[in-house]
Amino acid sequence: MASRLTPEREAELYEAVLELLREVGYDALTMDAVAARTRSSKATLYRQWGSKPELVAKALRHNKPVSLAEIDTGTLRGDFRAMLERTDDCQMEKDSALMRGLAHAVHNNPDLLQALRELLIEPEMTGLGEVLGRAVRRGEIAADNPALKLVPHMLIGAFIARPLIDDQPVDHAFLSAYLDAVVLPSLGV
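Residues numbered from 1 in each chain as written. Predicted model: local features only at pLDDT ≥ 70, side-chain atom pairs only at ≥ 80, totals over all residues. Heavy atoms only, no water.

### Comments concerning the nonpolar core
Counting residues in each nonpolar core, the largest one holds 27 residues, and the members touching the most others are Leu21, Val56, Leu60 and Leu112. When residues of this core are assigned to their parent elements, the largest contribution, seven residues, is made by helix α1 (residues 7-28). If near-sequence neighbours (up to four positions away) are discounted, Leu21 is found in contact with Tyr26, Leu29, Val56, Leu98 and Leu102. Core analysis: the second largest hydrophobic core is formed by 25 residues, Phe80, Met92, Val151 and Val183 among them. (Core = buried A, V, L, I, M, F, W, Y, C linked by side-chain atoms within 4.5 Å. Buried < 20%, exposed > 50% of the residue type's maximum accessible area, 1.4 Å probe, protein only. Helix = DSSP H or I, 4+ residues; strand = E, 2+ residues; numbered from the N terminus. Contact = heavy atoms within 4.5 Å.)

### A few points about the packing of helix α2 (residues 31-38) against helix α3 (residues 42-49)
Interhelical geometry of α2 versus α3 gives an angle of 110 degrees and a closest axis separation of 9 Å. Between α2 and α3, the angle falls in the class roughly perpendicular. Here the hand of the crossing between α2 and α3 comes out right-handed. On α3, the residues that touch Met31, Asp32, Val34 and Ala35 of α2 are Lys42, Leu45 and Tyr46. Its residues placed into classes, the contact of α2 with α3 shows five nonpolar, no polar and two charged. (Axes fitted to C-alpha atoms, helices over the stretch in contact; angles between N-to-C directions. Parallel < 35°, antiparallel > 145°, perpendicular 65-115°, else oblique. Left-handed = near helix turned anticlockwise from the far one by under 90°. Nonpolar A, V, L, I, M, F, W, Y, C, P; charged D, E, K, R; others polar.)

### A few points about helix α9 (residues 172-186)
In this model α9 runs 20 Å from its N-terminal to its C-terminal C-alpha over 15 residues, within 8% of the 21 Å that 1.5 Å per residue would give. Along its length, α9 shows its largest kink, about 40 degrees, at Leu179. Buried residues of α9: His172, Phe174, Leu175, Ser176, Tyr178, Leu179, Val183 and Leu184, and no others. Summarising the contacts, the buried residues of α9 are in contact with α5 (76-85), α6 (89-108) and α8 (151-166). (Expected span 1.5 Å × (residues − 1). Bend = angle between axes of the 7 residues up to and from the residue.)

As structure tokens, then:
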């Protein structure tokens with residue numbers, strides 16, 4: 001059995017993958033480039049991650065250390081605020097750039113889409129579902145509110161639409177206003 005990398009080494013590799021993704025995009029990112037950037041062998045990369053899509057998805061997942069399900073402030077508005085506080089404007093801008101690049105790449109790479117769904121999207125959706133479920137149990141949101149199923153779509157929409165429509169990056173001020181004007185009212189909060 002191959003020896004595991006130290007957590008520090010793994011974090012270093014993931015950071016290099018994200019840097020390369022931002023610099024060259026998914027299609028141009030190669031295992032050779034990751035190996036060169038991190039002074040590791042391609043064999044090691046394939047042994048640890050199996051494939052480029054899995055490596056990219058795990059690097060993105062590693063970048064989000066706190067599970068949404070762990071956030072529980074007692075109110076939905078407070079939970080959304082706590083989610084916003086997990087990142088700063090600079091990181092949000094970097095994340096938006098990554099998401100735009102990946103949104104294009106998933107159309108031509110079904111294996112990337114599959115890896116992102118399993119390793120990043122489903123855990124985030126599960127966490128968001130738990131946050132929303134608690135708000136329903138507290139009586140903040142009606143259980144039959146049709147907007148409940150659309151919260152992920154609203155949030156992703158904000159990240160994609162802001163740069164397209166306003167030619168501005170997503171930041172705390174925008175997301176905060178968006179939550180107060182769009183997401184929370186649609187949920188009846």
